[in-house]
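# A structural walkthrough
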Number of protein chains: 2
Amino acid sequence: MTELRRDPVIGQWVNVHTDDSFSPQHYEVEDQTPRHKARCQFCPGREHQTPPEVDAVRERNSAPNGPGWTVRVVPNKFPALKIEGGIDSVKQGMFDMSNGIGAHEVLIETPEHGKNLADFTEKETADVIRLYQNRLRDLTNDRRFKYIIIFKNYGESAGTSVEHAHSQIIALPMIPKYVLEKIEGAKAYYEQNKRCVFCDMVAQEHEDKERIFSENEDFVAFCPFVSRYAFEYWIMPKEHDSNFAQINDKKRNALANILRETLSRLKNCLSDPSYNYYLHVAPVNTGGEEGFHWHIEIVPKLTRTSGFELGTGFYVVRTSPEAAAGYLRGARPKLAV
Amino acid sequence: MTELRRDPVIGQWVNVHTDDSFSPQHYEVEDQTPRHKARCQFCPGREHQTPPEVDAVRERNSAPNGPGWTVRVVPNKFPALKIEGGIDSVKQGMFDMSNGIGAHEVLIETPEHGKNLADFTEKETADVIRLYQNRLRDLTNDRRFKYIIIFKNYGESAGTSVEHAHSQIIALPMIPKYVLEKIEGAKAYYEQNKRCVFCDMVAQEHEDKERIFSENEDFVAFCPFVSRYAFEYWIMPKEHDSNFAQINDKKRNALANILRETLSRLKNCLSDPSYNYYLHVAPVNTGGEEGFHWHIEIVPKLTRTSGFELGTGFYVVRTSPEAAAGYLRGARPKLAV
């Protein structure tokens, strides 16, 4: 049997296979063995091959753009958007357009080529998150930017050609469609119910229990009722929190732990699959930031998008979130100390 | 330089690389050599391995579910949605859901294993389109269905594991999100301008010229100004037309010709890439079908979706539609007679 489920925030439908869910063995995953260490531009000693760093976690007394760092942020050498210039919006016939202003940065998560975020220590993971926060704060100072998306591509089928562990940060001069839909959906839900839709979602998941597979004092990890992809999961603050950039040391460590712990479960459960994750934080410089409950969405790349999904925006999920959470709960994380 | 372009129908943004567009050689495509003829369930003589056919183009006097067909439609053996039952909508806590009612059919486009739609004759292609129309009309008779999506996956990275040329038809009990956004966007545009947004788009493309790469009396093929994918193109009726199911013999032949001709250009331009296409037709059984200008969207699979696209719904296009149309215009189609 299958079930049609409707997302309570953006109204998207998914078709979930409930009683014939695919197990992890149904999915083919690619080999993640590192191959390109010899010419990796993200490795220590090759700092001059990237643009000059904009931030880093470094040993005391080490100089910028040389070794001695543990996390390092540099502008992308081949940026999707350019930082210089004003935003000139023009009409071209019936179409709206503007020049491609924005920022595009790369966060190198570790000096060790081939080291996997799932195998980081708490401190290593927390340092990555701390630089996410720093960059978000710093880029917010540029009033041209309205949204900053932090994301990670792991593995070739998740869209990366660089195997050295890294995240990316893109600052945009507008709020992108998917985020805008979420914000507007959350606002509509609030107007109707006087409650945050994501707070309600956390409460509902705690009540239902079966889709939660990991949690700690501050965060919960669950496969959402309306998953779009098999083994998709979200990490969400348990208490309403609209300001990712300001989370304190305690919460940062708690986030570091649930992130690496759940990534380790994912790695062991599905034989190290490729995945994407992204942070959905509140927009910046727009005045309406308070309401949004930030969270992280992790999407393993296990299947190919077909013409059905492309043409409809309707997703077919062959492993139900309930079954996926069961598998992830059963997978043992291996935590580095 | 890059440009930010905003879709006039659904408000989606794309980031187009304009002066450093990737050429066709930049993209890696997979080998499409057929490998699985020996155990193909879609080949003639194995008709009993599929569910009984619901429609076919057949030699006079040939019996259903045996050889003698040129196009054949059967229910999908592993349907995403099941045809039996009522639509029981229920609330599960804060979530809406219903059972997975729908139809899922496979249209086998040719008896010849390994034959490519790009290499079909006019008649062969027109017969495929005729059965698209038949199925659309027939499924519309089931009042439970509100939208019928016809789509095709060609090649493994486009999401198919079956190499024998086929399309799929899925009937849904609701209008899916992407289609609904298009319909609502077109309605809003009409209310503001008193003109069909797609008619305006055809006019604008004719005025700009540079994104059109093929046309005939009834149809135009162009890479849309707001392409989401490199070498994406749309085939659109030149005159406003809301009823794909009713297009006559002349238009069907014109559509067959532009479809196979543009697919042949795509094949030769990009070394036979995987692709998806889908028909965006008007909804059914909802009462509001007149306004929608149907069209086909063809999306080659040349890149992997990254966390940026997933997290934002914002697309980065490394070949501008203007450049892509130039390459497709220059690629010679080879037309079967």
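Right above here is the structure, for reference.
Below, the structure is looked at part by part. What you are looking at is a predicted structure, and each value in this text was computed from that prediction instead of being measured. (Residues numbered from 1 in each chain as written. Chains lettered and ligands numbered in written order. Predicted model: local features only at pLDDT ≥ 70, side-chain atom pairs only at ≥ 80, totals over all residues.)

## Observations concerning helix α3 (residues 197-208) of chain A
One turn of an α-helix holds 3.6 residues; hence residues three or four places apart share an orientation. Residue and element names in this part refer to chain A. Along its twelve residues, α3 runs 16 Å from first to last C-alpha, staying within 8% of the 16 Å computed at 1.5 Å per residue. Structurally, α3 contributes buried residues whose contacts are with α2 (177-193), β10 (212-215), β11 (219-222), β12 (233-237) and β14 (295-300). Directly after α3, the chain includes Lys209, whose backbone phi takes a positive value near 65 degrees. (Helix = DSSP H or I, 4+ residues; strand = E, 2+ residues; numbered from the N terminus. Expected span 1.5 Å × (residues − 1). Contact = placed C-beta atoms within 7 Å.)

## Overview of the nonpolar core
Counting residues in hydrophobic clusters, the biggest one holds 187 residues, and the most contacted among them are Tyr147(A), Ile148(A), Ile150(A), Tyr147(B) and Ile148(B). Beyond its immediate chain neighbours, meaning those up to four positions away, Tyr147(B) contacts Leu172(B), Met174(B), Ile175(B), Pro176(B), Val179(B), Pro283(B) and Val284(B). (Core = buried A, V, L, I, M, F, W, Y, C linked by C-beta atoms within 7 Å. Buried ≥ 20, exposed ≤ 12 C-beta atoms within 10 Å, placed from the backbone.)

## Let's talk about the sheet that holds strand β8 (residues 147-154) of chain A
Residues and elements named next belong to chain A. The strand order β3-β4-β7-β9-β8-β13-β14-β12-β11-β10 describes an open sheet built from ten strands, whose pairing is antiparallel. Looking at strand neighbours, the two that pair on one side only are β3 (55-58) and β10, the edges of this open sheet. Taken pair by pair, the neighbouring strands of this sheet meet at an average axis angle of 15 degrees, ignoring direction. Pairing between β3 and strand β4 (residues 69-75): four bridges, direction antiparallel. Residue pairing across strands places Val57 opposite Val71, the latter belonging to β4. (Pairing = 2+ DSSP bridges. Axes fitted to C-alpha atoms, helices over the stretch in contact; angles between N-to-C directions.)

## As for helix α1 (residues 122-140) of chain A
Residues and elements named next belong to chain A. With 19 residues, α1 ought to run about 27 Å at 1.5 Å a step, and its terminal C-alpha atoms sit 27 Å apart, in line with that. Of all the positions in α1, only Glu124, Thr125, Ala126, Asp127, Val128, Ile129, Leu131, Tyr132, Arg135, Leu136 and Leu139 are classed as buried. The secondary structure elements touched by the buried residues of α1 are β3, β4, β7 (103-108), β8, β9 (166-172) and α4 (249-269).

## What about the relation of the copies chain A and chain B?
Between the two copies, chain A and chain B, the superposition gives an RMSD of 0.0 Å; the rotation angle is 180 degrees and the shift along the axis is 0.0 Å. What the superposition gives is, in effect, a two-fold axis relating one chain to the other. Most of the interface of chain A is mirrored in chain B, where 100% of its interface residues are also at the interface. (Least-squares fit on C-alpha atoms with pLDDT ≥ 70 in both.)

## Looking at the sheet that holds strand β6 (residues 95-99) of chain B
The five strands are arranged β15(A)-β2(A)-β1(A)-β6(B)-β5(B) in an open sheet whose pairing can be described as mixed. Two strands lie at the open edges of the sheet, namely β15 (315-317) of chain A together with β5 (89-92) of chain B, each paired on one side alone. Sheet twist, expressed as the mean angle between neighbouring strand axes with direction ignored, is 30 degrees. Bridge count for strand β1 (residues 2-6) of chain A against β6(B) is four bridges, and the pairing is antiparallel. Bridge pairing in β6(B) places Arg6(A) opposite Asp96(B).

## Digging into the environment of Phe198(B)
Residue and element names in this part refer to chain B. As for its position among the elements, Phe198 is in helix α3 (residues 197-208). Considered as a pair, Phe198 and Val9 are 189 residues apart in the sequence and their alpha carbons are 8.7 Å apart. Beyond its immediate chain neighbours, meaning those up to four positions away, Phe198 contacts Ala186, Met236, His293 and His295.

## Points about the packing of α1(A) against α4(A)
Residues and elements named next belong to chain A. Remark: α1 packs on α4, axes separated minimally by 8 Å, with the N-to-C direction vectors making an angle of 110 degrees. Taken together, α1 and α4 sit at an angle that is classed as roughly perpendicular. As for the relative orientation of α1 and α4, their crossing is right-handed in sense. The segment α1 lies against α4, with Glu122, Thr125, Ala126, Ile129 and Arg130 engaging Arg252, Asn253, Leu255, Ala256, Asn257, Leu259 and Arg260. Class assignment for the residues of the contact of α1 with α4 results in five nonpolar, three polar and four charged. (Parallel < 35°, antiparallel > 145°, perpendicular 65-115°, else oblique. Left-handed = near helix turned anticlockwise from the far one by under 90°. Nonpolar A, V, L, I, M, F, W, Y, C, P; charged D, E, K, R; others polar.)

## Details of the pairing of β7(A)
Residues and elements named next belong to chain A. For β7, a buried count of five out of six residues is recorded, marking the element as mostly surrounded by other parts of the structure. Direction of pairing for β4 relative to β7: antiparallel, over a ladder of four bridges. Paired with Pro75 across the two strands is Glu105, which belongs to β7. Both β7 and β9 contribute to a ladder of six bridges, which runs antiparallel. Bridge pairing in β9 links Val106 to Gln168.

## Examining unusual backbone geometry
Residues and elements named next belong to chain B. We note that Ser271 has phi near 55 degrees; this positive angle belongs to a residue other than glycine. With respect to the helices and strands, the residue Ser271 is situated in the loop between α4 (249-269) and β13 (275-280). Classification of Ser271 by C-beta neighbours within 10 Å gives partly exposed; the count is 14. Not every positive phi belongs to a glycine, and Asp272 is a case in point at roughly 60 degrees.

## Observations regarding the interface of chain A and chain B
Listed per partner, the contact involves 58 residues of chain A and 58 residues of chain B. Looking at the side of chain A that touches chain B residue by residue, the classes come out as 26 nonpolar, 21 polar and eleven charged.

## Digging into the environment of Trp69(B)
Residue and element names in this part refer to chain B. Within the secondary structure, Trp69 sits in strand β4 (residues 69-75). A residue is classified by how many C-beta atoms lie within 10 Å of it, and Trp69, with 21 of them, is buried. Sequence separation between Trp69 and Thr110 is 41 residues; the distance between their C-alpha atoms is 8.2 Å. Those residues in contact with Trp69 that sit more than four places away from it in its chain are Ala56, Val57, Arg58, Ser62 and Pro111.

## A word on the environment of His26(A)
Tracing the backbone through its elements, the reader meets His26(A) in the loop between β2 (13-17) and β3. In this structure, the C-alpha to C-alpha distance between His26(A) and Glu59(A), residues 33 residues apart in sequence, is 45 Å.

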